[in-house]
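# Survey of secondary and tertiary structure
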Amino acid sequence: ARVLAAIQYPNVVVVYALHEDDDPPFLVMEWVEGESLDLILSRGRPTLRAGLALLRQIADGLDAIHAAGLVHGDVKPSNVLVGPDGRLRIVDVGLVPRLERMRAGEVLGTPAYMPPERALGAISTQELAPRSDVYSFAVLAYELMTGSLPLGDELRGTRLHASGSTSRAPLVSRPGGSSPLARVFDGPLSRGMSKSAVHRHPSAGALVDALERAALAVDECGVPLRILLVDDDDDTRALLSGALAGRLRGATIETARDGEAALESIRRHPPSAAVLDLTMPGLSGAELLRAAFAVAPALPVVVYTGQGSGPELRAMRALGVRSFLLKPVGTDDLVRAVREAVLPREPPALR
């Protein structure tokens, strides 16, 4: 009760009262409608965007626990409750008092999610103790994003040994994996599951920040983006393609100098999204869009222009253009428009 009373945060379950005079004593806690995250994951993985939103809530709750000077000690999907409104609560913070009184060689927690230092019976310093939760959270993130635990399907009795002895964290992009993701996620998750606590992210929120930056360069299935940028001006083309490459690390940026070259590229291999200057010599504007959509009807397109009229832009929208930008195009606006173009029009619901 004292542990939980120190934490007042929407993503941590609330304790209302402690009755010590009863036999046995009991806690009065928040009632959460819904189900645990492990049951939800047993029915299948959420989409990438929905999964990152879930991880952000868990990270916020863990960081609140750490800000109170505490650690959770047993971060895993079954200790996360999901309400019907989509809000998550972290529960079962009961290992915290035990961790404060741990003796060297004592092992506490769930083997599949246990950091190696605890699997080996070591006691973390106060400064590094929260990073034991970061390790467990990284394992949870790996499981949520791939549908499997990072150590595979070994028996639970062997996972504890593997956690303490494996020299290198597994990669989500590994060939033959159950659901391999883009390489851009290898770095954040591998750092989170580093065998050395000092090399992990300083907080759960920092790990999610890294995952969200990596996700900018992939689609909802975790596949790296291929973006076609079309502009007849060499300087503008170089400037915008460089900006996209810098902000969407891991994405492939292809360029074309005119509408004819763009259409040929789309016919050969439709990209994840196309970014088009509205006015170019030769094939351009609505003519280029009609031809592109005839080849790839679902192609996400972002158009930028310096002189398009209202009726012309409405006509483009009717053809299927997702977003319009005015010149000069800002990097942040361009990246945001591309991301919005490749995402589903409606936010995916958590099943």
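Above this text you will find the structure in question.
Let us look at the structure shown here. (Residues numbered from 1 in each chain as written. Predicted model: local features only at pLDDT ≥ 70, side-chain atom pairs only at ≥ 80, totals over all residues. Heavy atoms only, no water.)

## Quick word on the side chain of Arg131
Assignment of secondary structure puts Arg131 in helix α6 (residues 129-146). Discounting chain neighbours no more than four positions away, the residues touching Arg131 are Ala197, Val198, Arg200, His201 and Pro202. (Helix = DSSP H or I, 4+ residues; strand = E, 2+ residues; numbered from the N terminus. Contact = heavy atoms within 4.5 Å.)

## A few points about the side chain of Thr146
Topologically, Thr146 is positioned in helix α6. Of the residues examined, Thr146 reaches a relative accessible area of 2% and is grouped as buried. Reaching out from Thr146, the side chain makes a polar contact with the backbone oxygen of Tyr142 at a distance of 2.7 Å. At a separation of 3.1 Å, a polar atom in the side chain of Thr146 contacts the main-chain carbonyl oxygen of Ser148. (Buried < 20%, exposed > 50% of the residue type's maximum accessible area, 1.4 Å probe, protein only. Polar contact = N/O pair within 3.5 Å; in protein donor to acceptor, adjacent residues only side chain to side chain.)

## Notes on the sheet that holds strand β3 (residues 35-36)
The antiparallel open sheet is built from three strands, whose spatial order is β3-β4-β5. The two strands at the open ends of the sheet, each matched to only one other strand, are β3 and β5 (88-90). Here helix α3 (residues 48-67) sits on the sheet in contact with β4 (80-82) and β5, set at roughly 35° to β5. (Pairing = 2+ DSSP bridges. Axes fitted to C-alpha atoms, helices over the stretch in contact; angles between N-to-C directions.)

## As for the packing of α3 against α6
Interaxial distance between α3 and α6 falls to 11 Å at its minimum, and their mutual angle equals 165°. If you check the angle between α3 and α6, you find them roughly antiparallel. Crossing hand, α3 versus α6: right-handed. In this structure, α3 uses Leu48, Gly51, Leu54, Leu55, Ile58, Ala59, Leu62 and His66 to contact α6, whose residues at the interface are Pro130, Asp133, Phe137, Leu140, Ala141, Leu144 and Met145. (Parallel < 35°, antiparallel > 145°, perpendicular 65-115°, else oblique. Left-handed = near helix turned anticlockwise from the far one by under 90°.)

## Overview of the environment of Arg322
Within the element layout of this structure, Arg322 appears in the loop between α13 (310-319) and β10 (323-326). For the pair Arg322 and Ala337, spaced 15 residues apart in sequence, the C-alpha to C-alpha distance is 8.2 Å.

## Digging into a nonpolar patch on the surface
Residues Tyr16, Phe26 and Val28 make up a contiguous nonpolar surface patch of about 290 Å² in total accessible area. The topology assignment puts Val28 in strand β2 (residues 26-29). (Patch = residues over 30% accessible without salt bridge, like charges linked within 9 Å, V, L, I, M, F, W, Y side chains within 5 Å. Areas by Shrake-Rupley, 256 points an atom, 1.4 Å probe, with all protein chains shown as cover. Salt bridge = Lys/Arg side-chain N within 4 Å of Asp/Glu carboxyl O.)

## Comments concerning the environment of Ala67
Looking at the element boundaries, Ala67 is found in helix α3. For Ala67, a relative accessible area of 69% puts it in the exposed group. Sequence separation of Ala67 and Pro130 is 63 residues, and the distance between their C-alpha atoms is 9.5 Å.

## Comments concerning helix α12 (residues 285-295)
Given 3.6 residues per helical turn, the α-helix brings residues three or four places apart onto the same face. When we look at burial in α12, the residues that qualify are Gly285, Leu288, Leu289, Ala292 and Phe293. In an axial view of α12, the angular spread of the buried residues amounts to 125°, which keeps them on one side of the axis. Turned more than 90 degrees away from the buried face of α12 sit Arg290 and Ala294, all of them exposed. Next to the buried residues of α12 lie α11 (259-268), β8 (273-277), β9 (301-305) and α13. (Arc of directions from axis to C-beta.)

## Points about a negative patch on the surface
Where like charges cluster on the molecular surface, the negative patch consists of Glu20, Asp21, Asp22 and Asp23. Along the polypeptide, Asp21 turns up in the loop between β1 (15-19) and β2. The exposure class of Asp21 is exposed, given its relative accessible area of 81%. (Lys, Arg positive; Asp, Glu negative; His and termini not counted. Charge placed at Lys NZ, Arg CZ, Asp CG, Glu CD.)

## Things to note about the pairing of β1
Looking at chain direction, β1 and β2 are connected through four bridges and run antiparallel. Each bridged residue has a counterpart across the sheet, and for His19 the counterpart in β2 is Phe26. A loop of six residues connects β1 with β2, the two strands running antiparallel in sequence.

## As for the nonpolar core
Core analysis: the largest hydrophobic core is formed by 50 residues, its most contacted members being Leu37, Leu55, Ile58, Phe137, Phe185 and Leu211. Of all the elements in the fold, those that place two or more residues in this core are α1 (2-5), α2 (37-42), α3, β4, β5, α6 and α9 (204-215). Non-local contacts of Leu55, meaning those with residues more than four positions away in its chain, are made with Phe137, Leu140, Ala141, Leu144, Met145, Val208 and Leu211. Among the nonpolar cores identified, the runner-up in size contains 22 residues, and Ala256, Ala274, Leu289 and Leu299 belong to it. (Core = buried A, V, L, I, M, F, W, Y, C linked by side-chain atoms within 4.5 Å.)

## Here we look at the pattern of salt bridges
A complete count under the given rule lists 12 salt bridges for this structure. Across the pair Lys76 and Asp74 runs a salt bridge, and its minimum N-O distance is 3.4 Å. For the pair Lys76 and Asp74, a shared accessibility class is recorded, and that class is buried. One salt bridge in this structure joins Asp234 and Arg257, with 3.6 Å as the shortest N-O distance. With a gap of 23 residues between them, Asp234 in helix α10 (residues 234-247) and Arg257 in the loop between β7 (252-256) and α11 connect regions that are remote in the sequence. Salt bridges sharing common partners tie together Arg56, Asp209 and Glu212.

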